[in-house]
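Fold and contact review
So you can see what is in the structure, the chains are spelled out below.
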Protein chains: 2
Amino acid sequence: MKSERIPVKSFSADNGFIGKMQKLVREEVLPYQYNILNDAIPGIEKSHAIENIRLAAEKLRGKDVKPDEFYGMVFQDSDVAKWIEAAAYALAAGEDPELEKAVDETIQLYGASQHEDGYVDSYFTVKCPDKMWTNICDAHELYCAGHMMEAAVAYYEVTGKRELLDIMSKSADCIYEQFMKKNTRAYPGHPEVELALMRLWRATGNEKYKELAKHFVDVRGQAPNYFVEEKKNRGWNVWDGTEELNTDYTQSTLPVREQKDAVGHAVRAVYLYTGMADVAKETQDETLLAACRNLWESITKRRMYITGGIGSTFMGEAFTVDYDLPNDTVYAETCASIGLMFFAKKMLENEHRGEYADVMERAFYNTVLAGMQLDGKRFFYVNPLEVVPGISGKAVTHRAVLPTRPQWYACACCPPNVARMVSSFGSYAYSENEDTFFIDLYAGGTVKTEKGITLTCETDFPHGGTAKYTIKGEAETTVAIRIPAWSEKSLLTVNGEVVDLNAVTKDGYAYITRAWKDGDTLALTMDMTPHVVYASAKIAADSGKVCVQRGALVYCAEEVDNGKVLPLYVKAGAEPKALDFEPETLGGIVPVEIAGCAQQDIDTLYSTKVPKFVEKTIRLIPYYTWANRGENQMRVWLPVK
Amino acid sequence: MKSERIPVKSFSADNGFIGKMQKLVREEVLPYQYNILNDAIPGIEKSHAIENIRLAAEKLRGKDVKPDEFYGMVFQDSDVAKWIEAAAYALAAGEDPELEKAVDETIQLYGASQHEDGYVDSYFTVKCPDKMWTNICDAHELYCAGHMMEAAVAYYEVTGKRELLDIMSKSADCIYEQFMKKNTRAYPGHPEVELALMRLWRATGNEKYKELAKHFVDVRGQAPNYFVEEKKNRGWNVWDGTEELNTDYTQSTLPVREQKDAVGHAVRAVYLYTGMADVAKETQDETLLAACRNLWESITKRRMYITGGIGSTFMGEAFTVDYDLPNDTVYAETCASIGLMFFAKKMLENEHRGEYADVMERAFYNTVLAGMQLDGKRFFYVNPLEVVPGISGKAVTHRAVLPTRPQWYACACCPPNVARMVSSFGSYAYSENEDTFFIDLYAGGTVKTEKGITLTCETDFPHGGTAKYTIKGEAETTVAIRIPAWSEKSLLTVNGEVVDLNAVTKDGYAYITRAWKDGDTLALTMDMTPHVVYASAKIAADSGKVCVQRGALVYCAEEVDNGKVLPLYVKAGAEPKALDFEPETLGGIVPVEIAGCAQQDIDTLYSTKVPKFVEKTIRLIPYYTWANRGENQMRVWLPVK
């Protein structure tokens, strides 16, 4: 049963956790990131992203701009695009003339950096116009264009303003010419434009964009490998080009319909799979959808952390092999979990199965949120499940695994990605088709359906387990609400009357069909009992260890609460216990306690003496709140004693 | 109390485990490796090492040799050197005209490749004579010379033949000119020549060689860093030179006397420390010895595997930071444990403390022996403590961790290093000074002391715990025998009478002073009870896990004995039990059993269901025998349930 996500502006998060997060993004994150993009915050990693665009515009107007005036990554433009997209979503929550002005000025500048033929990319315009479209493997022109297309669609949908949409339509037309007529074997090195073209198609109705997205999906990985040939012929590299080209890195070893394992750069992978799932949906391509299901299984059944993190190594920011899930040298990039949410949502739009939403929720409430400090001013790129200061961030094998969040990154893909995900949460929380309105995630606020009713949700999620929806308006229709797999005992009521879940639940969703009336209520009570979680015996890193999950939240032990974490063990058979909600702790959390013990350390590396253990109650906090109280040891998986 | 190791030829291993290993090296390993060095075994990794030397010799005789006729590593010569050294030791065990002829021919060829001024190195002679001595950081000229000096000393000591000793004295004179007069700030990028020069000094009595060794130790790491300056100025690289030079890699960040942590490339580190310890000993340099003690502690108290493996990562084949000891992505290069034995023995020669010999024994009987297949025909470079086929050798992070031994390597440093270590075992097993004859390791065979007595040892070590020494000759002197730290209850008798160990033991050695007479016996019975071993709580990788050690041998569980190892747990409180010696198993071993259980796997990655366990007796084998029965799962540290 197919569906569409709702437009971002159909949902207004006026209460609860998501409302608070969106307010943080509006009031703190977006102004902060705008200042960074404009190099207005001294003493932190320089962005130069907007200045690059200005330089490109000035060069097109004839000013003498030196190539080395460009600063930053080949994909520096995309930081601006993601910021515009996030700002667009923020504007859906209410007017903000200052923000809108900042966006409009940025769009105007960007438009001025567009070439006559529609080409737009500050890196190539400033640095090397002669090299445009010659390095499709690494140079990210299509990636940057894709992100700006997403921004354009978002800004148009929220504000009705067409300027950026027109710029990016012209850009898409240019890309169409290049890749449908001239260089027809090429496809993006970093997938993104596929999913963006599908959004542009939806916003503009221009079938060429869907055709181009499908083309990119179809030609990917055809033999002989395009990237290998391109590299042989092009004679220049963006990155140090001495290493042999790894086609897995770009998911181009095989045509996509033959790919069975999620491989290579994790963000590229899930962005690609999202585009594939969208093309499959909109072209009724069952073979392509089957490939998406295989790749989904590869990720979620064999290559995903309990936190919804993906990518086991910093070497290529990549997936490795099945069941290789180290907790300390993990990558689990914030962007990769955001991309996993994209993929999950697009699979949901293909077929409404709770497992997609379960994973989407797992990724969001654990890895994605952990990507940002609680005050919105510092960000993780890498999200480890085990941190030991002195090793993490220090050992060459752990150098990407920082024990605290930096303010910004030279490669700053993650921070604005979190911003756009949080502020567009509504479109991940709800979907709709002709028959049914779907509640995929729980978020306080009001959502407008296409069916003549609105639902206002009050919820204490994710710290509490109740979500109550009050209906406004009247319609005979179906509302389907997800019953999360982690909730062992769920209670659903309609106007206070208990619904027999067995009778109405299919694939993780309870379907309630009725003539909804003004004032009707639909209330879900989920089982928030904290549980000990065991990993598959195939995951070597988790042998003999457990972790604790409560609702959607994975918990962890931090040194600041427990002393050094490394000697801590969970007592065999111990049951975790949720404490009362602590509004003042870490922005408001429900801590969990579990009986444990601490191993008294020996002063030799190895000993035959049985170590002494002292009883100790371990205090656990939600993983997304870790590293908000300074550098300290942290562990999600704890050994059992 | 200082001492000297005994000459290799003073010990003849005519029985027991070491005798069997030395016979294997003589009869299988040396002929096999000679054939490889001569490219006479088709279908395996090409060596070309002897052909390179032939090409260099021909070029010096005026033949037109093309630079690209050289094949292999910049240090390819060193494989030949180590093979000659091992062959020399093998000749100490008895005449072998064929082997001796092969050595003599190789030496003659090598001599013909020496330049007028003493310079000798096939890489530079064939490929780029204009670049001699311009890349001291990476080009291994001093490393190759050092290895050939060791070979020269060994061959001279065993056979009395001076030809190679003269060649290498001339080479050392050339090096002296270059580094004591011309380029006085330089020192070896890969330490080795320091320890070799000390050996050459001992063999020739030429004080210049000791002076040069001391010079290399003294100038190392002086500011400004020589290697950084050299790289800036030289304009060519042996390796891909785009990365910034890491001075830790070459132990050159600080002057050696200020170095506190063992860092960088592990083999370089321990070769350097060996040279330092030797210079400290022979120049009565207490500051240098103190630095050696610090570095020893850094390795053995914080950076060493239970197997005596060192080097936690393939990234730079290097040490990382304290307590970072992953079992699956470990490096633990065979050569590094051999180098650790060098360092341990040299520390023993400085001061007889049992801990040095304990570590030497741990490294030998676990990592060094694991480096070679039981038939002597395949070799490990990397010695992991946990192997899962499908991940090990496959995931990019585990690519160096092979699940089975290859026949040969492009970088073939380890195989001939094992050969020379095994065949020179006697000089590691015994030391001597004016007052005392030291028994550092247990090996069946006869050893001649400088005191007028010989000792004949009968022992079932390492599988059994008895070592009985029968004296021949007469002398009033002290024999000191090491009481290993792992032996909780040891029994020492002289002529059947029990010695009060408390009264005679100091720093791990029991000192027996008496007028030894023909037929006297000294017998040590060690405690071979297998024990469960616990790791420091600071080692994250071993949290909640134990391993089993029996005597000097660390044990491991293999899939071939137990089924898949990953679901295996040791039962809490279980005592390991040694089985009877099995002469037909893996060359003869004492297997150990321990009560355990196997976790029944779940079909999801993560689950809140308590997994089921089935009781299971786990069969363990000595670590050095692993991977002799095909590719399979292996684990040293097992979780406890």
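- The name recorded for chain A in an unreviewed UniProt entry is Glycoside hydrolase family 127 protein, from Hominenteromicrobium mulieris.

**A few points about the sheet that holds strand β14 (residues 521-525) of chain B**
Residues and elements named next belong to chain B.
- The seven strands lie next to each other as β2-β6-β7-β8-β14-β10-β11, forming an open sheet whose pairing is antiparallel. Looking at strand neighbours, the two that pair on one side only are β2 (11-12) and β11 (497-498), the edges of this open sheet.
- Note: strand β6 (residues 445-448) against strand β7 (residues 453-459), four bridges, orientation antiparallel. The residue bridging Thr446 from the neighbouring strand is Thr456, located in β7.

**What about empty space enclosed by the protein?**
All names here are of chain B.
- Under the counting rule described, the total for this entry stands at eight cavities of 30 Å³ or more.
- The space that makes up the largest cavity amounts to roughly 590 Å³.
- Of the residues belonging to the lining of the largest cavity, the class tally is 19 nonpolar, twelve polar and eight charged.
- In this structure, the second largest cavity encloses a volume near 90 Å³.
- When residues in the lining of the second largest cavity are grouped by element, the largest group, three residues, is from helix α3 (residues 77-92).
- Taken together, the residues that form the lining of the second largest cavity break down as eight nonpolar, five polar and one charged.

**Some points on the sheet that holds strand β10 (residues 491-494) of chain A**
- Reading across the sheet, the seven strands line up as β2-β6-β7-β8-β14-β10-β11 (chain A) and stay open at both edges, with antiparallel pairing between neighbours. With partners counted over all chains shown, the strands left at the sheet margins are β2 (11-12) and β11 (497-498) of chain A, one partner each.

**Here we look at α3 of chain B**
Residues and elements named next belong to chain B.
- Taking 1.5 Å per residue, 16 residues should reach 22 Å; α3 reaches 23 Å between its end C-alpha atoms and fits that length.
- Within α3, 15 of the 16 residues are buried, leaving the element largely enclosed by the surrounding structure.
- Note on α3: the residue one or two positions beyond its end, Gly94, has a positive phi of about 155 degrees.

**Details of the packing of aromatic side chains**
Residues and elements named next belong to chain A.
- For the coordinates displayed, the defined rule picks out 70 aromatic pairs over all chains.
- With a centroid separation of 5.4 Å and 55 degrees between ring planes, the pair formed by Tyr381 and Tyr409 is classed as tilted. Highlighted residues: Tyr381 in the loop between α14 (354-370) and β3 (386-387) and Tyr409 in the loop between β3 and α15 (414-423), separated in sequence by 28 residues. Just as Tyr381 is buried, Tyr409 falls in that class too.
- Here a set of aromatic residues connected by ring pairs shows up, and it is made of Phe17, Phe364, Tyr365, Phe425, Tyr442, Phe461, Trp486 and Tyr624.

**Some thoughts on the relation of the copies chain B and chain A**
- Placing chain B over chain A gives an RMSD of 0.0 Å and needs a rotation angle of 180 degrees, together with 0.0 Å of translation along the axis. The superposition operator between the copies reduces to a two-fold rotation axis. Taking C-alpha positions as the reference, the residue of chain B nearest the rotation axis is Gly544 of chain B, at 3.3 Å.
- In this assembly the copies share their binding face: 100% of the residues contributing to the interface of chain B also contribute to that of chain A.

**Examining the interface of chain B and chain A**
- In this complex, chain B contributes 60 residues to the contact, which on the side of chain A involves 60 residues.
- Buried area between chain B and chain A, summed over both chains or domains, comes out near 4400 Å², and the portion from carbon and sulfur atoms is 62%.
- One can count two salt bridges joining chain B with chain A.
- Residue Lys538 of chain A pairs with Asp601 of chain B through a salt bridge whose shortest N-O separation is 2.7 Å.

**A closer look at the pairing of β6 of chain B**
All names here are of chain B.
- On β6, burial follows the alternation: Gly445 and Val447 on one face are buried, whereas Thr446 and Lys448 on the facing-out side are not.
- Note: β2 against β6, two bridges, orientation antiparallel. Within β6, the residue paired with Ser12 across the bridge is Thr446.
- Where β6 folds back onto β7 in an antiparallel hairpin, the turn is made up of four residues, including Gly452, whose phi is positive at roughly 90 degrees.

**Description of the state of the cysteines**
- In this structure the tally under the stated criterion is zero disulfides over all chains.
- Note on Cys335 of chain A: no disulfide assigned, nearest cysteine sulfur contributed by Cys414 of chain A at a separation of 3.5 Å.
- Not part of a disulfide, Cys174 of chain B finds its nearest cysteine sulfur in Cys144 of chain B, a span of 14 Å.
- When its relative accessible area of 7% is taken as the criterion, Cys174 of chain B is described as buried.

**Things to note about the environment of Lys260 of chain B**
All names here are of chain B.
- Here Lys260 lies in the loop between α10 (226-234) and α11 (266-283).
- With relative accessibility at 51%, the residue Lys260 sits in the exposed group.
- For the pair formed by Lys260 and Ser298, sequence separation is 38 residues and the distance between their alpha carbons is 7.1 Å.
- Leaving out residues up to four positions away in the same chain, Lys260 has contacts with Asn294, Leu295, Ser298 and Arg302.

**Quick word on helix α7 (residues 163-182) of chain B**
Residues and elements named next belong to chain B.
- The end-to-end C-alpha separation of α7 is 28 Å, in line with the 28 Å expected for 20 residues at 1.5 Å each.
- For α7, the complete set of buried residues consists of Leu164, Leu165, Ile167, Met168, Ser169, Ser171, Ala172, Cys174, Ile175, Tyr176, Gln178 and Phe179.
- If you follow the buried residues of α7, they end up packed against α3, α4 (97-112), α6 (141-159), α8 (193-204) and α9 (207-219).

**So, the packing of α8 of chain B against α11 of chain B**
Residue and element names in this part refer to chain B.
- Look at α8 against α11: their axes get within 7 Å of each other, and the N-to-C directions meet at 40 degrees. With respect to each other, α8 and α11 are oriented oblique. Contacts from Glu194, Leu195, Met198, Trp201 and Arg202 of α8 reach α11 at Tyr271, Leu272, Thr274, Gly275, Asp278, Val279, Lys281 and Glu282.

**Topic: the packing of helix α12 (residues 286-302) of chain B against helix α14 (residues 354-370) of chain B**
All names here are of chain B.
- Interaxial distance between α12 and α14 falls to 12 Å at its minimum, and their mutual angle equals 45 degrees. The angle between α12 and α14 falls in the class oblique. In this structure, α12 meets α14 at a crossing whose hand is left-handed. Along its contact with α12, which presents Arg293, Trp296, Thr300 and Lys301, the element α14 presents Glu355, Tyr356 and Val359.

**A closer look at the pairing of strand β20 (residues 592-599) of chain B**
All names here are of chain B.
- For β20, the tally of buried residues reaches six of eight residues, placing the bulk of the element in the interior.
- Here strand β19 (residues 577-578) runs beside β20; their pairing, made up of two bridges, is antiparallel. By the bridge assignment for β20, Ala578 is matched with Val592.

Quick notes on the rules
- Residues numbered from 1 in each chain as written.
- Chains lettered and ligands numbered in written order.
- Predicted model: local features only at pLDDT ≥ 70, side-chain atom pairs only at ≥ 80, totals over all residues.
- Heavy atoms only, no water.
- Pairing = 2+ DSSP bridges.
- Helix = DSSP H or I, 4+ residues; strand = E, 2+ residues; numbered from the N terminus.
- 1 Å grid on protein atoms, 1.4 Å probe; cavity = no way out; pocket = protein on both sides within 12 Å on 5 of 7 lines; lining within 4 Å.
- Points joined across faces, edges and corners; volume = space filled by probe spheres on them.
- Nonpolar A, V, L, I, M, F, W, Y, C, P; charged D, E, K, R; others polar.
- Expected span 1.5 Å × (residues − 1).
- Buried < 20%, exposed > 50% of the residue type's maximum accessible area, 1.4 Å probe, protein only.
- Phe/Tyr/Trp six-rings, centres within 6.5 Å; stacked < 30°, edge-to-face > 60°.
- Least-squares fit on C-alpha atoms with pLDDT ≥ 70 in both.
- Contact = heavy atoms within 4.5 Å.
- Buried area = accessible area lost by both parts, 1.4 Å probe.
- Salt bridge = Lys/Arg side-chain N within 4 Å of Asp/Glu carboxyl O.
- Disulfide = S-S within 2.5 Å.
- Axes fitted to C-alpha atoms, helices over the stretch in contact; angles between N-to-C directions.
- Parallel < 35°, antiparallel > 145°, perpendicular 65-115°, else oblique.
- Left-handed = near helix turned anticlockwise from the far one by under 90°.

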